[in-house]
Amino acid sequence: MEWTGLNELRESYLKFFESKGCLRHKSYPLVPQNDNSLLLIVAGMAPLKPYFTGQETPPRTRMTTCQKCIRTGDIENVGKTARHGTYFEMLGNFSFGDYFKKEAIAWAWEYVTQVLKLPKDRLYISVYEDDDEAEKIWHEDAGVPMDHIVRMGKEDNFWEAGTDGPCGPCSEIYFDRGEKYGCGKPDCKVGCDCDRYMEFWNLVFTQFERHEDGTYTPLKQKNIDTGMGLERLASIMQDVDSIFDVDTVKAIRDHVCKIAGCEYGKEYKKDVSIRVITDHIRSVTFMASDGILPSNEGRGYVMRRLLRRAVRHGKLLGINGLFLKDLVKTVVDCNKCEYNELEEKYDYIVKVLTTEEQNFNATIDRGMKILDDLIAQMQKDGKTELDGESCFKLSDTYGFPIDLTREILEEKGMTCDEEGFAECYAKQRETAKNAHAATKYMGADETVFHKIDKDFHTEFIGYDKLEGDSEISFITTDDELIDNAKAGDEVYIVSSQTPFYAESGGQVGDIGTIVTESGKCRVVDTQKVVAGKFAHKAVVEEGEIAVGQKAHFTVDRKTRYAVMRNHSCAHLLQAALRKVLGEHVHQAGQLVDAHRLRFDFSHFNAMTAEEKLKV
Ligand code: SER
């Protein structure tokens, strides 16, 4: 085997599978499309799920990709070991009801032994415990000796991800890195926890679909999903200890060391920080390039956490000032040959990451000030332990990370009251849980409209008509169904049809009049209440109205048209924002009434006067 760069390896793999008839497809974005079961793409097969299930027709029944992936399940360990990371690329070849085990195994073997020229005596195979067929193919067709094939149970050799989706038994290829990586135990073999036998290629025979309730059903077609970690493969081909020593990753690692003015491999604590930054900067750069923005929820939160972790470790290394932007340059340079979007979006990526870095720095500065005051007070009082409540307040109210509090206290020979901190934390969680439960309870609470038959619906006829006749089916006060109402009463009127638009999607409810033979009401608002019912909030202005009466419903035309114009403007505004600020602008909320519109969206910066003018 010959030293091969990570970028060349990717190319060699994709070319090989193209030669087997696979359609080569660019990596899909890190953000899953139309898939709520995953926050981020975790495997090459994830964006292809509908092709496995047969829901959608693939562009070709065999494909090959090199997919950007992020897995954060082990985030706590990233840095601490040289094995863990969050960002990686997965080489994959896929069959959707086309080739199956025989070809998948034969081609994998051909690629590793003939193209990569990995020595056969250092390769081991695992198969699922019941999979006689796979074992036979490995042994008889590929010629792998039986003492290099092991059977393993569901935990190791059955692949699935997320709550639902295609999955199946698998077979893995391991590389024996040699005794020096081993644990030395007499029973050390493939599957051992130590670093000697490294699994690098997973061949999944995707035959089942897992459902959210944990049951499995056979898929209509038999598929192949294989995944090989590109960085892992590169570490084998480059004969290095870990992914942090692989050419393109090492370039980032070296840059981190240069900025921090330190050397890798000299001091464990520093190595941890160097690895954290090296890994996380890759993740957040690619996340930004795929349109993810740091936020407090979902994948935005994952990004924020990774970025802040990197910044924090920068501080531990003694880096002063903003440093992420310099590292982005190296990430982009090392990866642009495959991911040209990195170069195209370079300025944008730098802006996103730097803004978050600045915000976090401000948070840290503010927290430091508070902590300094607390420490001064403690010194005055002769105390060495900071009370749990203060630690908690720093973290919960001021966003100052607890581990930073711990470290700073430690430097002063002080500690934090861990028990008290844990108590506050638990108490807050309990309060949050109760608040949530209470809101839910209130939300699900009986309203007066629950007293109406649940199958009673209001039909909206207001898309093309602004007036129409219907019957007054129900009249209610805030908490009672009533039969009639007279001048001066404030009531809700429910009918089986209405031209009144009920508030939704940020557009306000219509106003207008409802007139019967005996009375007239002014509608001041329209709301969707329970189960498809519309309630017109109305004041009886003249005479009397009663349940069962025929009524004429008239929407205030002037107001509705003004609202419609503002609604159109909201779309125009969104289009302009996307043009000026970028495609990442999505509606996060909006309010549209007759006088104004408000469009909510997230952007990493406050808009400049010039940008506003342009929009
Ligand atoms: N989906 C499998 C994995 O992630 C093989 O691609 O390992």
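Scope of this entry: the structure provided in the associated data block. Here the structure is a predicted model, which is why all the values come from computation and not from measurement.

## Focus on the side chain of Asn335
Summarising the element assignment, Asn335 is placed in helix 10 (residues 324–335). On the basis of relative accessibility, which here comes to 3%, the residue Asn335 falls in the buried class. Aside from chain neighbours lying at most four places away, what touches Asn335 is Arg10, Glu89, Phe286 and Leu342.

## Overview of the nonpolar core
By size, the foremost hydrophobic cluster in this structure holds 109 residues, and its most contacted members are Trp138, Phe200, Trp201 and Leu353. Counting residues per element, this core draws most heavily on helix 12 (residues 346–381), which supplies 10 residues. In contact with Phe200, not counting residues within four places along its chain, are Val112, Leu118, Leu123, Ile173, Tyr174, Phe175, Gly227, Met228, Gly229, Leu233 and Ile236. Judged by nonpolar contacts, the second largest core, of 19 residues, contains Leu38, Met45, Leu48 and Cys69.

## Remarks on unusual backbone geometry
With a phi angle near 60°, Lys117 is a residue other than glycine that sits in the positive phi range. Mapped onto the elements of the fold, Lys117 is located in the loop between helix 3 (101–115) and strand 4 (123–128). Given a relative accessible area of 53%, Lys117 falls into the exposed group. At Asp239, a residue that is not glycine, the phi angle is positive and equals roughly 50°. Considering the arrangement of structural elements, one finds Asp239 in the loop between helix 6 (230–237) and helix 7 (247–260). According to the relative accessible area criterion, Asp239 is exposed, its value standing at 61%.

## Some details on the site of the ligand
Every residue near the ligand is listed here: Ala43, Met45, Arg71, Met90, Trp159, Asn202, Val204, Asp225, Thr226 and Gly227. Here an oxygen atom of the ligand sits 3.2 Å away from a polar atom, N or O, in the side chain of Arg71. Residue Asp225 places a side-chain N or O atom 2.7 Å away from an oxygen atom belonging to the ligand. Burial of the ligand by the protein amounts to 95% of the accessible area it has alone, namely 230 Å². Of all the elements in the fold, those that place two or more residues in the shell around the ligand are strand 8 (197–210) and strand 9 (216–229). Looking at the shell around the ligand element by element, the count peaks at three residues for strand 9. The residue inventory of the shell around the ligand, partitioned by class, reads five nonpolar, three polar and two charged.

## As for the pattern of salt bridges
As enumerated under the stated definition, the model contains 33 salt bridges in all. Here Asp290 ties to Lys68 by a salt bridge, and the two come within 3.1 Å at their closest N and O atoms. Residue Asp290 is located in the loop between helix 8 (268–289) and helix 9 (298–316), and its partner Lys68 is located in strand 2 (residues 62–70); the two are separated by 222 residues in the primary sequence. Comparing Asp290 with Lys68 shows no difference in burial state: the two are buried. Arg406 serves as the salt-bridge partner of Glu418, at 2.6 Å between the closest nitrogen and oxygen. Taken together, the positions of Glu418 in helix 15 (residues 418–443) and Arg406 in helix 14 (residues 402–411) put the pair 12 residues apart, joining distant regions of the chain. By relative accessible area, which is 37% here, Glu418 ends up partly exposed. Using a relative accessible area of 32% as the deciding quantity, one classes Arg406 as partly exposed. Bridged by salt links that share partners, the residues Glu11, Lys15, Glu18 and Arg24 form one connected network.

## Regarding the packing of aromatic side chains
Tallied over the entire structure, the rule returns 27 aromatic pairs. Here the aromatic rings of Tyr111 and Trp201 are separated by 6.2 Å at their centres, their planes lie at 90°, and the arrangement is edge-to-face. Here Tyr111 is found in helix 3, whereas its partner Trp201 is found in strand 8, with 90 residues between them in sequence. Like Trp201, Tyr111 is buried. Across from the ring centre of Tyr181, 3.9 Å away, lies the NZ or CZ of Arg177, which sits over that ring.

## Focus: the environment of His139
Positionally, His139 belongs in helix 4 (residues 132–141). Between the alpha carbons of His139 and Asn157 there is a distance of 18 Å; along the sequence they are 18 residues apart. Those residues in contact with His139 that lie beyond four places of it in its chain are Val144, Pro145, Met146 and Ile149. There is a polar contact of 2.8 Å between the side chain of His139 and the backbone oxygen of Val144.

What counts as what
- Residues numbered from 1 in each chain as written.
- Predicted model: local features only at pLDDT ≥ 70, side-chain atom pairs only at ≥ 80, totals over all residues.
- Heavy atoms only, no water.
- Helix = DSSP H or I, 4+ residues; strand = E, 2+ residues; numbered from the N terminus.
- Buried < 20%, exposed > 50% of the residue type's maximum accessible area, 1.4 Å probe, protein only.
- Contact = heavy atoms within 4.5 Å.
- Core = buried A, V, L, I, M, F, W, Y, C linked by side-chain atoms within 4.5 Å.
- Near = heavy atom within 4 Å.
- Polar contact = N/O pair within 3.5 Å; in protein donor to acceptor, adjacent residues only side chain to side chain.
- Areas by Shrake-Rupley, 256 points an atom, 1.4 Å probe, with all protein chains shown as cover.
- Nonpolar A, V, L, I, M, F, W, Y, C, P; charged D, E, K, R; others polar.
- Salt bridge = Lys/Arg side-chain N within 4 Å of Asp/Glu carboxyl O.
- Phe/Tyr/Trp six-rings, centres within 6.5 Å; stacked < 30°, edge-to-face > 60°.
- Lys NZ or Arg CZ within 6 Å of the ring centre and 35° of its normal.

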